[in-house]
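# Per-entry structural report
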Amino acid sequence: SAVISQKPSRDICQRGTSLTIQCQVDSQVTMMFWYRQQPGQSLTLIATANQGSEATYESGFVIDKFPISRPNLTFSTLTVSNMSPEDSSIYLCSVGTGAEAFFGQGTRLTVV
Amino acid sequence: GENVEQHPSTLSVQEGDSAVIKCTYSDSASNYFPWYKQELGKRPQLIIDIRSNVGEKKDQRIAVTLNKTAKHFSLHITETQPEDSAVYFCAARRNTGTASKLTFGTGTRLQVTL
């Protein structure tokens, strides 16, 4: 199993600003994943973060808007840049150990 | 890419009754199918999963069935209890070692009434 600490748990931000979300895992993992869950919706993968290489972004998500860092095998950050109210969502990081995927507790972002 | 459809979007059952949630997937190479339960304000938690070499798996009141030919899989909850009330997501992926890129269904909000 994996224990994931994600912070902040929630934030209210002004439009036009940026927020960086941190994800810390209690074990070394090759890949870390960032998801977005809009209110009442499913989880949509934003990007996959590998240590030592650039993140791989899914269709509809770009690095300028969601820059990701992966400095080591236990930590990653996701930045939501130049925020607008449409960015209000829950953002979750996830790691896999074997087959199972584990999730952080999520960051509830509200952009006003 | 993979596309996972899930039905129904909402489901209301009486306590003690059974609940069934169905998913279909598009990528014939997918071979791992987990189900997640997400309670309000909490993170998704794995409740059961099935691999493509198995047609059915059961864990107490929860079971999952898989039909690879038809590309659909289902979650069955028997003897439902109020604490089963939550949103349930199915997912699918190609199992590539420790990679866990999952494609999720749209979710089913299950309400168990007394």
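In this report, we go over the structure that sits alongside the text. (Residues numbered from 1 in each chain as written. Chains lettered and ligands numbered in written order. Predicted model: local features only at pLDDT ≥ 70, side-chain atom pairs only at ≥ 80, totals over all residues. Heavy atoms only, no water.)

## A short note on the state of the cysteines
Stated precisely, the cut-off is as follows: Cysteine sulfur atoms are paired as a disulfide whenever they fall within 2.5 Å. Helix numbers and strand numbers start at the N terminus; a helix is a DSSP run of H or I with at least 4 residues, a strand a run of E with at least 2. Burial classification: accessible surface area is computed with a 1.4 Å probe over protein chains only, and a residue below 20% of its type maximum counts as buried, one above 50% as exposed, and the rest as partly exposed.
Per the counting criterion, the structure on display carries 2 disulfides over all chains. The partner cysteine of Cys23(B) in its disulfide is Cys90(B), sulfur to sulfur 1.9 Å. Sign of the S-S torsion, about -100 degrees for the bond between Cys23(B) and Cys90(B), identifies this disulfide as left-handed. Taken together, the positions of Cys23(B) in strand β3 (residues 19-25) and Cys90(B) in strand β9 (residues 86-92) put the pair 67 residues apart, joining distant regions of the chain. Given a relative accessible area of 0%, Cys90(B) falls into the buried group. Here Cys13(A) is not disulfide-linked; the sulfur of Cys93(A) is the nearest cysteine sulfur, at 17 Å.

## Observations regarding the environment of Pro85(A)
Residue and element names in this part refer to chain A. To be explicit about the condition: Pairs of residues are marked as contacts when any of their non-hydrogen atoms sit within 4.5 Å.
Considering the arrangement of structural elements, one finds Pro85 in the loop between β8 (75-80) and β9 (89-97). Residues Pro85 and Gln14, 71 residues apart in the sequence, show an inter-C-alpha distance of 8.8 Å. Each residue touching Pro85, except ones within four places of it in the same chain, is listed here: Arg15 and Val111.

## Considering the pattern of salt bridges
Worth spelling out the cut-off: Every case where a carboxyl oxygen of Asp or Glu lies within 4 Å of a side-chain nitrogen of Lys or Arg is listed as a salt bridge.
Within the structure shown, the criterion is met by 6 salt bridges over all chains. Among the salt bridges present, the one from Lys65(A) reaches Asp87(A), with a minimum N-O distance of 2.6 Å. Pair noted here: Lys65(A) is in the loop between β6 (56-57) and β7 (68-72) and Asp87(A) is in the loop between β8 and β9, with a separation of 22 residues, a long-range link. With its nearest N and O atoms 2.9 Å apart, the salt bridge here joins Arg61(B) to Asp84(B).

## Regarding the pairing of strand β5 (residues 45-51) of chain B
All names here are of chain B. Rules: Strands pair, by our definition, only if DSSP identifies at least two bridges between them.
Bridge count for strand β4 (residues 32-38) against β5 is 6 bridges, and the pairing is antiparallel. If you follow Lys37 over to β5, its bridge partner there is Gln45. What sits between β4 and β5 in their antiparallel hairpin is a turn of 6 residues, with Gly41 showing a positive phi close to 75 degrees.

## Remarks on the interface of chain A and chain B
Selection criterion: Put simply, buried area is the surface a 1.4 Å probe can reach on two separate parts but cannot reach once they are joined, added for both. Counting of polar contacts relies on pairs of N or O atoms within 3.5 Å, with two restrictions inside protein: one atom must be capable of donating a hydrogen and the other of accepting it, and residues adjacent in sequence are counted only when both atoms are side-chain atoms. For this scheme, ten residues count as nonpolar: Ala, Val, Leu, Ile, Met, Phe, Trp, Tyr, Cys and Pro. Four count as charged, namely Asp, Glu, Lys and Arg, and the remainder, Gly too, count as polar.
With 21 residues of chain A in contact, the opposing surface of chain B contributes 19 residues. Both sides together, the interface formed by chain A and chain B hides about 1,700 Å², and carbon and sulfur atoms give 54% of it. Seen at the junction of chain A and chain B, the total is 0 salt bridges. Between chain A and chain B we count 5 residue pairs in polar contact (both at pLDDT 80 or more) in total. Going through the elements one at a time, β4 (31-37), β5 (43-50), β9 and β10 (100-103) of chain A are the ones with two or more residues in the side of chain A that touches chain B. Among the elements that take part in the side of chain A that touches chain B, β4(A) stands out by supplying 4 residues, more than any other. A class-by-class count of the residues in the side of chain A that touches chain B yields 10 nonpolar, 8 polar and 3 charged.

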